[in-house]
Amino acid sequence: METIRLGLIGFGCVGQGLYHVLTHTGGIKAEVARICVKNRNKQRSLPAELFTFEAQDLINDPTIKVIVELIDDADAAYDLVVAAMHAGKDVVTANKKMLATHLTDLIALQHQLGVKLLYEASSCGSIPIIRNLEEYYDNELLQRVSGIFNGSSNYILTKVCTEGMDYATALKQAQDLGFAETDPTLDVAGFDALYKLVIIAAHSFGVVVAPEEVFNTGIQALTAYDQAFAAQQGLKLKLQCQVMRLGEDQLTMLVMPAFVKPDNPLFNVEFEYNAVVVQAAFADRQLFMGKGAGGNPTGAAVLSDISALTYGYQYGYKKQQQALKLSYTTQALITIYLGYQDEADLQAFDFWDVTARYQGQDHAYIIGRVKLQDLVKIKDQLLTLPVFMAQMPDTDIEAIQL
Ligand code: HSE
């Protein structure tokens, strides 16, 4: 078998991780032929002749069969991926925002151009979830796929809630360790997790939903009072992603912190680890766990895609082909804890019902059910409100009976 020549675009944390795993694994016949980088002034760990500043040098090189796109900027990544596909290259990418935003186009483009696009590293780092959803669960009736899809926020929650570290130091550590996005708001406000959820939902249920239609909130407004609420009841906080069937022909999805009990499989998933819980009709519940961020674990997932290309693998988008006829809805109720300080901040919320209220000197909370569709409407506003929201333990998302 001939050695595949790779054109690598981006040489940050994941790019370097890929280079490391590729040069330390024996089995795969692939080599990095050229690396395209943006910054001309950075010292590089590899010989200068390997680098270029023009992506076209890679895309136009007929000896390069596979483009591996590992840059930060989702818009630039989309243009490069599309250009590479039009040039007849197979592409491996880890860019979750780019994929979640353009998934329908990118699926169509693969069919139209007869090229392959693989992206296992985009979702949950080293956990091989996309190929499992496509292949292992191809004929399973999935009911719910949920879990922790962001390593940085899980790292911060572990450090803050379990070790008592302050939030800013924990975030700085997540950045220094190469877990966080360049703009860490994407991690802590649940956007990174949202993009991954959109991708995973497409492979679980065959439904591609635009990220802006899905509610996401994160841990950025977490206070010591919210942590105390969890600790007093023996609960932990986890930033949870969920996509699930609602009745026969609908599904819903969201990203929101959740209080979890010790018997919840997410309870012991700590630091940068991610977890995916697949609830299926026949296989029942299964848990995948692994490092969700970091150069080597994510590089390993990229390597696995490159390896899959060597035997002609491509996603079948089987759930889409099966036409499960599920439609996305936000007509659902979720039971939340809402921690706040100022009564005025409650005005954004319209509770369906309230089961508990607490008013202290410096802090208050309210527990009750809210409509998901109302939350979607205020998700931009929530980014600037000093309120912390989390799903209550042992509560389900309920369809609204009209
Ligand atoms: N910033 C991401 C995370 C990196 O923390 O999960 C992996 O996608």
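Right above here is the structure, for reference.
Residues numbered from 1 in each chain as written. Predicted model: local features only at pLDDT ≥ 70, side-chain atom pairs only at ≥ 80, totals over all residues. Heavy atoms only, no water.

**Q** Before we go on, may I ask you to explain the packing of aromatic side chains in this structure?
**A** The relation between two aromatic rings is expressed through the spacing of the ring centres and the mutual angle of the planes. The tally for this structure, following the rule as stated, stands at 16 aromatic pairs. Ring geometry for Phe229 versus Phe259: centroids 5.1 Å apart, planes at 50 degrees, classification tilted. Note that Phe229 is positioned in helix H10 (residues 224-232) and Phe259 in strand S10 (residues 250-260), a separation of 30 residues in sequence. Phe259 shares its class with Phe229; the two are buried. Aromatic rings pair up to connect Phe229, Phe259, Tyr337, Tyr358 and Tyr365 into one cluster. Lys236 extends its terminal NZ or CZ atom over the ring of Phe267, reaching a point 4.2 Å from the ring centre. (Phe/Tyr/Trp six-rings, centres within 6.5 Å; stacked < 30°, edge-to-face > 60°. Helix = DSSP H or I, 4+ residues; strand = E, 2+ residues; numbered from the N terminus. Buried < 20%, exposed > 50% of the residue type's maximum accessible area, 1.4 Å probe, protein only. Lys NZ or Arg CZ within 6 Å of the ring centre and 35° of its normal.)

**Q** How should the sheet that holds strand S6 (residues 117-118) be read in this particular structure?
**A** Sheet strands line up and pair through hydrogen bonds in the backbone, either parallel or antiparallel. Taking strand neighbours across the sheet as the criterion, the six strands line up as S3-S2-S1-S4-S5-S6 in an open arrangement whose pairing is parallel. Two strands close off the open sheet at either side, each with one partner strand: strand S3 (51-52) and S6. Sheet contacts for helix H1 (residues 13-24): strand S1 (4-9), strand S2 (30-36) and strand S4 (66-69); angle to S2, the most-contacted strand, approximately 155 degrees. Across the sheet, helix H11 (residues 295-310) lies against S1, S2, S4, strand S5 (90-93) and S6, angled at about 160 degrees from S5, the strand it touches most. (Pairing = 2+ DSSP bridges. Contact = heavy atoms within 4.5 Å. Axes fitted to C-alpha atoms, helices over the stretch in contact; angles between N-to-C directions.)

**Q** Honestly, the pairing of S5 in this entry has me stumped. Any pointers?
**A** The side chains of a regular strand alternate between both faces of the sheet. The side-chain alternation of S5 yields two buried faces, one formed by Asp90 and Val92 and the other by Val91 and Thr93. This β-α-β element, S4 to helix H3 (residues 74-86) to S5, shows right-handed connectivity. Of the pairings in the sheet, the one linking S5 to S6 comprises two bridges and is parallel in character. Paired with Val92 across the bridge in S6 is Leu118. Running through helix H4 (residues 96-113), the crossover from S5 to the neighbouring parallel element S6 is right-handed. (Right-handed = clockwise from strand over helix to strand, strands pointing away.)

**Q** Even after reading the chapter, I still don't get the site of the ligand, so can you show me in this structure?
**A** Every residue near the ligand is listed here: Lys96, Asn150, Gly151, Ser152, Phe179, Ala180, Glu181, Asp187, Asp192, Lys196, Gly292 and Ala293. A distance of 3.4 Å separates an oxygen atom of the ligand from a polar atom in the side chain of Asn150. Separating a nitrogen atom of the ligand from a side-chain N or O atom of Glu181 is a distance of 2.6 Å. About the coverage of the ligand: the protein hides 94% of its 260 Å² of free accessible area. Judged by the proximity of its atoms to the pocket grid, the ligand belongs to the largest pocket. Listed by contribution, the elements that provide at least two residues to the shell around the ligand are helix H6 (151-163) and helix H9 (191-205). Classifying every residue of the shell around the ligand by side-chain character gives three nonpolar, four polar and five charged. (Near = heavy atom within 4 Å. Polar contact = N/O pair within 3.5 Å; in protein donor to acceptor, adjacent residues only side chain to side chain. Areas by Shrake-Rupley, 256 points an atom, 1.4 Å probe, with all protein chains shown as cover. 1 Å grid on protein atoms, 1.4 Å probe; cavity = no way out; pocket = protein on both sides within 12 Å on 5 of 7 lines; lining within 4 Å. Sits in = over half its atoms within 2 Å of the grid points. Nonpolar A, V, L, I, M, F, W, Y, C, P; charged D, E, K, R; others polar.)

**Q** Even after reading the chapter, I still don't get the state of the cysteines, so can you show me in this structure?
**A** Here the structure, examined in full by the defined rule, presents zero disulfides. As a non-bridged cysteine, Cys13 has Cys124 as the owner of its nearest cysteine sulfur, 16 Å distant. For Cys13, a relative accessible area of 36% corresponds to the partly exposed category. Given the relative accessible area of 0%, Cys124 is considered buried. (Disulfide = S-S within 2.5 Å.)

**Q** What am I meant to see in a nonpolar patch on the surface here?
**A** Together, Tyr273, Leu287 and Met289 give the surface a local cluster of nonpolar side chains, amounting to about 270 Å² of exposed area. Note on Met289: relative accessible area 46%, which makes it partly exposed. (Patch = residues over 30% accessible without salt bridge, like charges linked within 9 Å, V, L, I, M, F, W, Y side chains within 5 Å. Salt bridge = Lys/Arg side-chain N within 4 Å of Asp/Glu carboxyl O.)

**Q** Can you help me understand H10 in this one?
**A** The periodicity of an α-helix, 3.6 residues per turn, causes residues three or four places apart in sequence to face the same way. Here H10 has its buried residues at Asp226, Phe229 and Ala230. Considered in projection along H10, the buried side chains sweep an arc of 95 degrees and stay on one side of the axis. Across from the buried face of H10, at angles greater than 90 degrees, the exposed residues are Ala224, Ala231 and Gln232. At its buried positions, H10 is contacted by strand S9 (236-246), S10, strand S14 (332-340), strand S16 (364-371) and strand S17 (388-391). Of the residues trailing H10, Gly234 is marked for its positive phi of about 70 degrees. (Arc of directions from axis to C-beta.)

**Q** Sorry, what's going on with the packing of H1 against H11 here?
**A** For any two helices packed against each other, the geometry is given by the interaxial angle and the distance between the axes. Closest axis-to-axis distance for the H1/H11 pair is 7 Å, and the angle between their directions is 65 degrees. Note that H1 runs across H11; the crossing there is right-handed. Facing H1, whose interface residues are Cys13, Val14, Gly17, Leu18, His20, Val21 and Leu22, H11 presents Gly295, Asn296, Thr298, Gly299, Ala300, Val302, Leu303 and Ile306. Here the residues of the contact of H1 with H11 are counted per class, giving nine nonpolar, six polar and no charged. (Left-handed = near helix turned anticlockwise from the far one by under 90°.)

**Q** When you look at the pattern of salt bridges in this model, what are you seeing that I'm missing?
**A** When the charged atoms of two side chains lie near each other, side chains of opposite charge can form a pair. Applying the stated criterion across every chain yields a total of 17 salt bridges. A salt bridge links Glu135 to Lys318, with the shortest nitrogen-to-oxygen separation between them at 2.6 Å. Here the residue Glu135 occupies a position in helix H5 (residues 129-136), and Lys318 occupies one in helix H12 (residues 318-321), the gap between them amounting to 183 residues. Here Lys196 makes a salt bridge to Asp192, at a shortest N to O gap of 2.5 Å. Here Lys196 and its partner Asp192 are both found in helix H9, four residues apart, which amounts to about one turn of the helix. Judged by its relative accessible area of 4%, Lys196 falls in the buried class. When salt bridges with common partners are traced through the structure, they connect Lys96, Glu181, Asp192 and Lys196 into a single cluster.

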